[in-house]
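Overview (structure and organization)
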Amino acid sequence: MTGAQAVVAGLKAEGVELVFGYPGGAALNLYDALYDSGITHILARHEQGAAHAADGYARSTGKVGVCLATSGPGATNLVTGIATANMDSVPMVFITSQVGTSLIGKDSFQEADITGITTPITKHNFLVKRPQDLMKTVKEAFYIARTGRPGPVLIDIPKDITGMEGDFTYPESINLRGYHPLFEGDPSKIEELAAAIKKAKKPMVFVGGGLRIAGAWSEFASFIEKTGIPVVSSLMGLGCFPADHELYLGMLGMHGTYTANQSVTQCDLLIGIGVRFDDRVTGLVSKFAPEALIVHMDIDPAEINKNVRTDIKILGDLKWSLPLLSQMAEPGDIAAWQKQVLAWKQERPLRFEENGDVIKPQSVVKAISDITEGSAFLVTDVGQHQMWAAQYYNSKKPRRFITSGGLGTMGYGLPAAIGAQLGNPDETVWAIAGDGGIMMNIQEIATAVEHQLPIKVVVINNQGLGMVRQWQRIFYDQRYSCSRYGTETDLAKVAEAFGAKGIKVQEPGELIPALQEANNYCGPVFIDVLVCDQENVLPMVPAGAPIDQMIGG
Amino acid sequence: MKHTLAVLVENRPGVLTHISGLISRRAFNIESITAGSTEESDMTRITLVVDVGNDDELEQIVNQLGKLVDVIKIINLTKVDSINRDLAMIKVWALPEHRSDIVDIVDIFRAKIVDVHPETMVIELTGEEDKIDALCEVLKGHGIIEIVRTGKIALSRSAIAAKDSKES
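This one's a predicted model, so the numbers in the text were calculated from it and none came from an experiment. (Residues numbered from 1 in each chain as written. Chains lettered and ligands numbered in written order. Predicted model: local features only at pLDDT ≥ 70, side-chain atom pairs only at ≥ 80, totals over all residues. Heavy atoms only, no water.)

**Notes on the side chain of Ser60 of chain A**
All names here are of chain A. Tracing the sequence through the fold places Ser60 in helix α3 (residues 47–61). A relative accessible area of 5% means that Ser60 is categorised as buried. Engagement of the side chain of Ser60 in a polar contact is seen with the side chain of Asn424, the distance being 3.0 Å. Each residue touching Ser60, except ones within four places of it in the same chain, is listed here: Phe377, Arg399, Ile402, Gly419, Ala420 and Asn424. (Helix = DSSP H or I, 4+ residues; strand = E, 2+ residues; numbered from the N terminus. Buried < 20%, exposed > 50% of the residue type's maximum accessible area, 1.4 Å probe, protein only. Polar contact = N/O pair within 3.5 Å; in protein donor to acceptor, adjacent residues only side chain to side chain. Contact = heavy atoms within 4.5 Å.)

Laid out in structure tokens, this is it:
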């Protein structure tokens, strides 16, 4: 067996069926070993596309996403995808090829120090220098990627190591002295929280991506049913609690709902569950939930007190802590508070003005939400459309709202949708992108066409960089520096050229029929929707302001 | 306030860079960092002195370092009774007429003269940081040519080794 075959055997031992990647000189041994291995390889058109696709696959299935690339430029093209996965805690294993061991450090052809480059953006990385370490490394990489707070792990393997013959056996156990993810924490802390819940008059729950990752949404739902505490979500937590539930108040933060931001500002107990109190959520930290006792439930000890001072910390897996909390918690006297937040929700819903002459971007998202009944996989790119999707797509199921939250990676949407569709072949996958982001990885239409993936890509086309323009409109005196493209690209035709179905929508009346046509079409379809280019994402909290000071809403 | 952390790590290439990189990336200030082998061949001990504004910052440093897979254990030696040492070598001008003065100073500080040239001397001193600072200050008058210092290493007085202690 060669080193490359050992790596492939390791992947199979980890249950990997599908990998994404792009070959190259230093990766030839690995690709040769893949050839008749039974593992399906999806050839992206750019390594960054492969990385985002593996990420979409991982987020939508909960499995580890695997991505391969060759040395040097192949490996560096993964960097944005690795950083994206790192910020959103996505379990992934990246395998990069490296130049031969005798060439390392000599600025050899296609050499890059990828372990050095990715140190700050991986959970861990390895450079394998001895063939006997290959299988152990693969096993450790998968274990590190998927346990505790998940994240991307990179394995860099020199070409000669993949070519060496040897007797390889997959290790049964793992011994990492410095890595002990904690599953069970301290139950007395949960008692403390239960007592605080009993006493609170104005409690709130704030859920994030950690709940989705832990897969603890049903435990969470029982906790809410029992206590009646209202719920707000971060962008990453969307779908973990059904958007149509009475106690759901919407997204919190910069583009959150009036109700969510008011409720958190006024609450006396804030229970953060699998969140990291990102600055897009807290606004001015000193004015964030100023009256509240703050509780933080998380698996990562380094998240506690990182951004917001915590009064009760509950470390451990939510699969452990939430059932225990449900069991111990008794509802407090919160009827008046419930009445108050539900009144806000009634009086101040998200809204936009319909206009018969131009297509409002929000109405595109709303129409998709209606057509799919909030149950499809919805993958977004980054920008205004992403925030409208977060606001107007009534996501009812967990793991189905897929978006680059932490890094805010433009170009993420289309490849991630490819990954989500490959991971969920029988489900419906929609992607919403802006005309800016779609251009950043537009070559991946070819990948979707090659595999005839029935993804429905909707481009909310406002002829430029909408979010940049919004900030320029509000904060830079309408000086629209470099936020408009000088040429118009016919994206429907581009899609057609790649072999997908392309539809162009220019009139409001064409929208619904086009979306329905896409919904029924079996194959990749692109709908380029020309929308009103003056629209702002509202409400909006200016960066660094307290979250109850909102523009619009 | 300054804190001295003993960080036990896997003896692998790149770990020191990883640790110093993590600390600088999170905008914390490293006062000194030393690394060396230990009683176990596969373990390196890093002594890290960080200057932090408050306890939250220190907690973040410890927690973030603790997340690194190659970090086995972190002990805050500021909180326990411990011995702290720095090693310095100081090269000074030592013309024959000043030599006896310098020898006196070296004796007072219980330092050692490790090299003598017709015009210069090299003095070695191990001790706590301020003792070394004091010697440097006194020698200034004789003209210091160059100084090299190791940065702090520290060891607790307790009978329990850092690797076996309960903390983190």
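**Quick notes on the UniProt feature "domain: ACT" (unreviewed entry) in chain B**
Summarizing the sequence annotation, UniProt attributes the feature "domain: ACT" (unreviewed entry) to residues 4–79 of chain B in the numbering used throughout. Taken end to end, residues 4–79 of chain B comprises 32% helix and 41% strand; its first and last C-alpha atoms sit 9 Å apart. (UniProt positions renumbered as here; feature names shortened; annotations may be inferred.)

**Describing the interface of chain B and chain A**
At the interface, 19 residues of chain B touch 17 residues of chain A. Summed over both sides, the interface between chain B and chain A buries roughly 1,500 Å², with carbon and sulfur atoms accounting for 46% of that surface. By the criterion of area lost to chain A, the three top residues of chain B are His18, Lys67 and Val69 of chain B, representing 36% of everything that side buries. Glu40 of chain B serves as the salt-bridge partner of Arg177 of chain A, at 3.3 Å between the closest nitrogen and oxygen. For the pair chain B and chain A, the number of links is eight residue pairs in polar contact (both at pLDDT 80 or more). Those elements that place two or more of their residues in the side of chain B that touches chain A are α1 (15–25), α2 (55–67) and β4 (71–76) of chain B. Here the side of chain B that touches chain A gets seven residues from one element, more than from any other, and that element is α2 of chain B. Residues of the side of chain B that touches chain A, tallied by class, amount to five nonpolar, five polar and nine charged. (Buried area = accessible area lost by both parts, 1.4 Å probe. Salt bridge = Lys/Arg side-chain N within 4 Å of Asp/Glu carboxyl O. Nonpolar A, V, L, I, M, F, W, Y, C, P; charged D, E, K, R; others polar.)

**Some points on helix α4 (residues 129–139) of chain B**
Residues of α4 of chain B that are buried include every one of Ile132, Leu135, Cys136 and Leu139 of chain B, and no others. Down the axis of α4 of chain B, the sector holding all buried residues measures 100 degrees, keeping them to one side. (Arc of directions from axis to C-beta.)

**Quick notes on the pattern of salt bridges**
The tally for this structure, following the rule as stated, stands at 34 salt bridges over all chains. The residue Asp133 of chain A makes a salt bridge to Arg130 of chain A at a minimum N-O spacing of 2.9 Å. The partly exposed category is assigned to Arg130 of chain A, whose relative accessible area is 43%. As a salt-bridge pair, Lys112 of chain B and Glu124 of chain B come within 3.8 Å of each other at their nearest N and O atoms. With Lys112 of chain B in strand β6 (residues 112–116) and Glu124 of chain B in strand β7 (residues 120–127), this pair connects stretches of sequence that are 12 residues apart. Classification of Glu124 of chain B as partly exposed rests on a relative accessible area of 21%. Each of Arg177 of chain A together with Glu10, Glu39, Glu40, Asp42 and Lys163 of chain B takes part in a single network of salt bridges with overlapping partners.

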